[in-house]
Amino acid sequence: FMKNCYFLLFLFCGLAFSIQSHAQWFDFSINSMTTRVELEFWLESKSGSAQARAKRLSEKVFNEFSRIDERMSRYREDSELSEVNRMAASKNVLVSSELLIVLKKSQQVSRLSGGAFDMTFSSVGYLYDLRASVQPDQKAIRESLPAINYQNVLLNPTARTVGFKEKGVLIDLGGIAKGYAVDQGVAILKKAGIKHARLSAGGDMYLLGDKRGKPWVVGIKDPRPAGNVIPPVENNWKNAKQDTASEFIVALPLAEVAISTSGDYERFFIDEAGQRIHHILSPETGKPAKGIQSVSVIGPDTTTTDGLSTAIFVLGVKEGLALVERLAGIDAIIIDDQRRFHYSAGLMEPEVNN
């Protein structure tokens with residue numbers, strides 16, 4: 001299914017997400033979880049109350065984002081996660097079943113990626129203030145780096161508790177919680193009988209069904225829109241077009257699938273040495289990961305694609321693609337720091353036997 005779904009992959013110019021004015025298409029948006037959340041869906045309704053019903057459904061979905069943020073945000077002092085960060089080094093903390101599920105999923109992605117994805121990255125990450133263009137010195141990183149290790153987080157599913165092996169450990173679910181929220185929102189839509197929808201939170205998106213007989217078209221942003229786009233590596237998509245003026249450089253026709261993109265272009269600053277300091281840290285060094293500008297991962301659910309996009313960004317092109325090829329139902333597009341495109345096997349141009 002995955003391989004057949006993406007055969008129309010192409011580069012293109014000037015993609016714009018314009019919502020057509022159809023009577024039963026509804027679209028809503030809010031700001032939540034520090035990003036823009038967008039919802040578009042087709043509502044089957046024979047009554048004149050479609051607008052009111054659509055609004056109520058959108059509010060139910062958006063309230064789910066707020067609820068998850070209240071529970072899982074590291075930046076809210078009253079969140080359940082913040083209580084864990086304050087107390088788990090001194091005692092086991094009883095947590096909700098929901099938080100435990102997300103923590104277990106985080107550890108699963110960490111094990112799959114050999115620690116490239118690590119929810120404890122904030123043990124050093126809190127020293128960075130990207131808005132104020134502040135980064136820690138090497139001494140501060142070195143002192144805090146031992147706390148970055150997902151194995152420092154001890155989960156007890158039976159007792160439903162969380163403990164830390166070391167002091168200084170801080171969990172941040174920013175690399176997976178938005179994906180989880182999207183999945184929960186989609187579950188609400190499905191329960192309401194919605195069959196065609198697009199729900200996105202920043203770089204994380206789930207496409208429920210198709211767009212009524214045609215695929216949804218998802219654009220991947222150019223991480224350096226002012227630069228030159230180099231054609232794809234090897235022989236992938238030999239006839240692809242390129243346009244340096246476009247905000248989006250890859251278009252994917254998709255249906256009933258999740259896609260997440262991680263890039264170094266959303267939250268960053270340029271330091272005095274001309275280095276790009278961004279939010280995706282290498283757990284090994286405590287510094288921004290290098291070698292990749294953007295990673296987009298396609299898979300069955302947004303919680304998984306959210307975590308994997310971060311993991312692959314940290315792993316780099318070679319190890320990242322090797323990870324993807326080991327995982328069933330997962331594909332990826334990587335743009336490296338030389339602006340070359342790399343595709344997983346499921347997105348490769350099929351060979352034609354003459």
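Definitions and limits used
Throughout this document, residue positions are counted from 1 along each chain, in the order its sequence is written. Totals for whole chains, interfaces and linings use every residue, but because this is a predicted model, local features are given only for residues with pLDDT of at least 70 and side-chain atom pairs only at 80 or more, for both listing and counting. Hydrogens and water are ignored here; the side-chain numbers use all heavy atoms of the structure. Exposed residues in this analysis have more than 50% of their type's maximum accessible area, buried residues have under 20%, and partly exposed residues fall in between, with area computed by a 1.4 Å probe over protein chains only. Secondary structure is summarised from DSSP: a helix means a run of H or I of at least four residues, a strand means a run of E of at least two, and numbering begins at the N terminus for each. Residues are treated as being in contact if the distance between any of their heavy atoms lies within 4.5 Å. A pair of strands is considered paired only if DSSP assigns at least 2 bridges between the two. Helix axes are fitted to C-alpha atoms over the stretch in contact, other axes to C-alpha atoms as well, and angles between N-to-C directions run from 0 to 180 degrees.

Enquirer: Where do I start with helix α3 (residues 80-87) in this structure?
Expert: Along α3, the positions that sit buried rather than exposed are E80, L81, S82, V84 and N85. On the buried face of α3, the contacting elements are α2 (50-72), β3 (93-94), α4 (97-112) and β5 (161-164).

Enquirer: In this structure, what is going on with the sheet that holds strand β4 (residues 153-156)? I would like to understand it.
Expert: Reading across the sheet, the three strands line up as β3-β5-β4 and stay open at both edges, with antiparallel pairing between neighbours. Each end of this open sheet is capped by a strand with a single partner; those strands are β3 and β4. In terms of strand pairing, β3 meets β5 through two bridges, oriented antiparallel. Directly across from L94, in β5, lies its bridge partner T161. Contacts between α4 and the sheet are confined to β4 and β5, with β4 contributing the most and set at about 125° to the helix.

Enquirer: What's the story with unusual backbone geometry in this structure? I'm lost.
Expert: Excluding glycine, most residues fall at negative phi; most peptide bonds, likewise, are trans. Here S133, not a glycine, exhibits a phi torsion of approximately 55°, which is positive. Here S133 shows up in the loop between α5 (122-125) and α6 (138-144). Positioned with a positive phi, R212 is a non-glycine residue whose angle comes to about 55°. Assignment of secondary structure puts R212 in the loop between β7 (204-208) and β8 (216-221).

Enquirer: How should the sheet that holds strand β13 (residues 292-299) be read in this particular structure?
Expert: Sheet strands line up and pair through hydrogen bonds in the backbone, either parallel or antiparallel. The strand order across the open sheet formed by eight strands is β1-β2-β6-β7-β10-β13-β14-β15, and the pairing between neighbours is antiparallel. Edge positions in the open sheet fall to β1 (25-32) and β15 (341-343), since each of these has one partner strand only. For this sheet, the mean angle separating the axes of adjacent strands, direction not counted, is 10°. Here eight bridges tie β1 to strand β2 (residues 35-42), and the two strands are oriented antiparallel to one another. The residue bridging F28 from the neighbouring strand is L39, located in β2. Against the sheet, helix α9 (residues 317-326) engages β13, β14 (331-336) and β15, with an angle of about 175° to β14.

Such coordinate-based values are descriptive only and should not be taken to indicate function.
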